[in-house]
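Descriptive analysis of the structure
Chain by chain, the residues run as shown.
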Amino acid sequence: MAKKKIAKKTPTKKVPAKKKKAPAAAALPPEERKKQASKVVRRLEADYPDAECALVHDTAYQLLIATILSAQCTDERVNIVTKELFAELPTPADIAGASIKKLEKLVQSTGFFRNKAKNIKACSQALVDDYGGEVPQDLDALVNLPGIGRKTANVVLGTAFGIPTGVVVDTHVGRLSRRLGLTDNTDAVKVENDLMEILPKKKWIDFSHRMIHHGRAICNARKPNCEECSMRKFCPQIGV
């Protein structure tokens, strides 16, 4: 009589319990944020008096196109790409008249190149058709152009024309604003609204440039160099 094979029980693996995430630290109380913002502005002005937009450009149009291309891409890469792009296609009419395939090839290394090529062509065409090839100095007009959001419009109006229509909030500005206790929001639009409430309007443009420089030089995402930071005495180091 054949013996029955007894199936061996596979030992069950213990699944480690998931660690609960610690709740994110809150920003400073609303009544303290304006005072904190003043300290941050003074320190940034002392540390980065000559901070400028990192996107190389000669005209408002070049800045507009460069800002579109900068989405999910480094400024260094964009500067390399736009140098070749504008050497070959210097005007809105030139880019509007270029084929999509040619534009895709020129901007491919910036990532998401198909969408970016489509946007810079459509935006350039709209400038030619509606504004005589000139970049309008108006927020509503800019955000109605293809591929242009509020952030891009703020960059162009502030940097190219010196018009403070808002605070440019990129990843650096958002991260540093939370660490410094100026906001507890993660949505860029909400962060911008918080900053506009506590910063003098005349400081909006330079504040963003200087925060970006500080984020790259000292307060980076993974390992902020708090020991070398000039704001360490009053920075609550939220989330660090």
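Just above sits the structure.
Here's a quick rundown of the structure. (Residues numbered from 1 in each chain as written. Predicted model: local features only at pLDDT ≥ 70, side-chain atom pairs only at ≥ 80, totals over all residues. Heavy atoms only, no water.)

1. Points about the overall build of the protein chain
When helices and strands are counted, the protein chain shows eleven helices and zero strands. Reading the protein chain from its N end, one meets helices and strands in the order α-α-α-α-α-α-α-α-α-α-α. Accessible surface for the protein chain amounts to roughly 14700 Å². Of this, 52% is attributable to carbon and sulfur atoms. (Helix = DSSP H or I, 4+ residues; strand = E, 2+ residues; numbered from the N terminus. Areas by Shrake-Rupley, 256 points an atom, 1.4 Å probe, with all protein chains shown as cover.)

2. Considerations on empty space enclosed by the protein
Overall, the coordinates contain two cavities of 30 Å³ or more when judged by the stated rule. Along its surface, the largest cavity is lined by 15 residues, and H214, C219, C226, C229 and C235 are the ones closest to its centre. A class-by-class count of the residues in the lining of the largest cavity yields ten nonpolar, three polar and two charged. For the second largest cavity, the full set of lining residues is V41, L44, E45, K203, D206, F207 and R210. Of the residues that constitute the lining of the second largest cavity, the class distribution is three nonpolar, no polar and four charged. (1 Å grid on protein atoms, 1.4 Å probe; cavity = no way out; pocket = protein on both sides within 12 Å on 5 of 7 lines; lining within 4 Å. Points joined across faces, edges and corners; volume = space filled by probe spheres on them. Nonpolar A, V, L, I, M, F, W, Y, C, P; charged D, E, K, R; others polar.)

3. Let's talk about the layout of surface pockets
Considered as a void within the structure, the largest pocket measures approximately 560 Å³ in volume. Along its surface, the largest pocket is lined by 29 residues, and S70, D75, K151, D170 and I212 are the ones closest to its centre. Breaking the lining of the largest pocket down by element, the ones donating at least two residues are α3 (75–88), α8 (150–161), α9 (171–179) and α11 (204–217). The biggest single contributor to the lining of the largest pocket is α11, with seven residues. Class assignment of the residues belonging to the lining of the largest pocket gives a composition of ten nonpolar, 13 polar and six charged.

4. Describing the pattern of salt bridges
Overall, the coordinates contain six salt bridges when judged by the stated rule. Of the charged contacts, one joins E45 and R210 as a salt bridge, the two residues approaching to 4.0 Å between their closest N and O atoms. Taken together, the residues span a long stretch of sequence, with E45 in helix α1 (residues 30–47) and R210 in helix α11 at a distance of 165 residues. The partly exposed category is assigned to E45, whose relative accessible area is 28%. With a relative accessible area of 11%, R210 lands in the buried category. Between D75 and R216 there is a salt bridge whose closest N-O contact spans 2.6 Å. Of this pair, D75 sits in helix α3 while R216 is found in helix α11, placing the two residues 141 residues apart along the sequence. Note on R216: relative accessible area 39%, which makes it partly exposed. (Salt bridge = Lys/Arg side-chain N within 4 Å of Asp/Glu carboxyl O. Buried < 20%, exposed > 50% of the residue type's maximum accessible area, 1.4 Å probe, protein only.)

5. A short note on the packing of helix α2 (residues 60–69) against α3
It is the contact of α2 with α3, at a shortest axis distance of 10 Å, that shows an interaxial angle of 130°. Considered as vectors, α2 and α3 are oriented oblique to each other. Handedness of the crossing formed by α2 with α3: right-handed. Only V78, V81, T82, L85 and F86 of α3 make contact with α2, whose side of the interface consists of Y61, Q62, I65, A66 and L69. Class assignment of the residues belonging to the contact of α2 with α3 gives a composition of eight nonpolar, two polar and no charged. (Axes fitted to C-alpha atoms, helices over the stretch in contact; angles between N-to-C directions. Parallel < 35°, antiparallel > 145°, perpendicular 65-115°, else oblique. Left-handed = near helix turned anticlockwise from the far one by under 90°. Contact = heavy atoms within 4.5 Å.)

6. Points about helix α6 (residues 113–131)
Three or four residues apart is the spacing at which side chains of an α-helix point the same way, because the helix has 3.6 residues per turn. Between its first and last C-alpha atoms α6 spans 26 Å; for 19 residues at 1.5 Å apiece the expected length is 27 Å, and the two agree. Looking at the packing, one finds that the buried side of α6 touches α2, α3, α4 (92–97) and α5 (100–107). Following α6 by one or two positions, G132 has its phi on the positive side, about 60°. (Expected span 1.5 Å × (residues − 1).)

7. Quick notes on the nonpolar core
In this structure, L85 and I120 are the most contacted members of the largest nonpolar core, which totals 37 residues. Sort the elements by how many residues they give to this core and α2 lands first, with eight residues. In this structure I120 touches I65, I68, L69, L85, I95, L103 and V107, once residues within four positions along its chain are discounted. Among the nonpolar cores identified, the runner-up in size contains 25 residues, and A51, L176, C219 and C229 belong to it. (Core = buried A, V, L, I, M, F, W, Y, C linked by side-chain atoms within 4.5 Å.)

Fair warning: the whole summary comes from geometry, so function is off the table for now.
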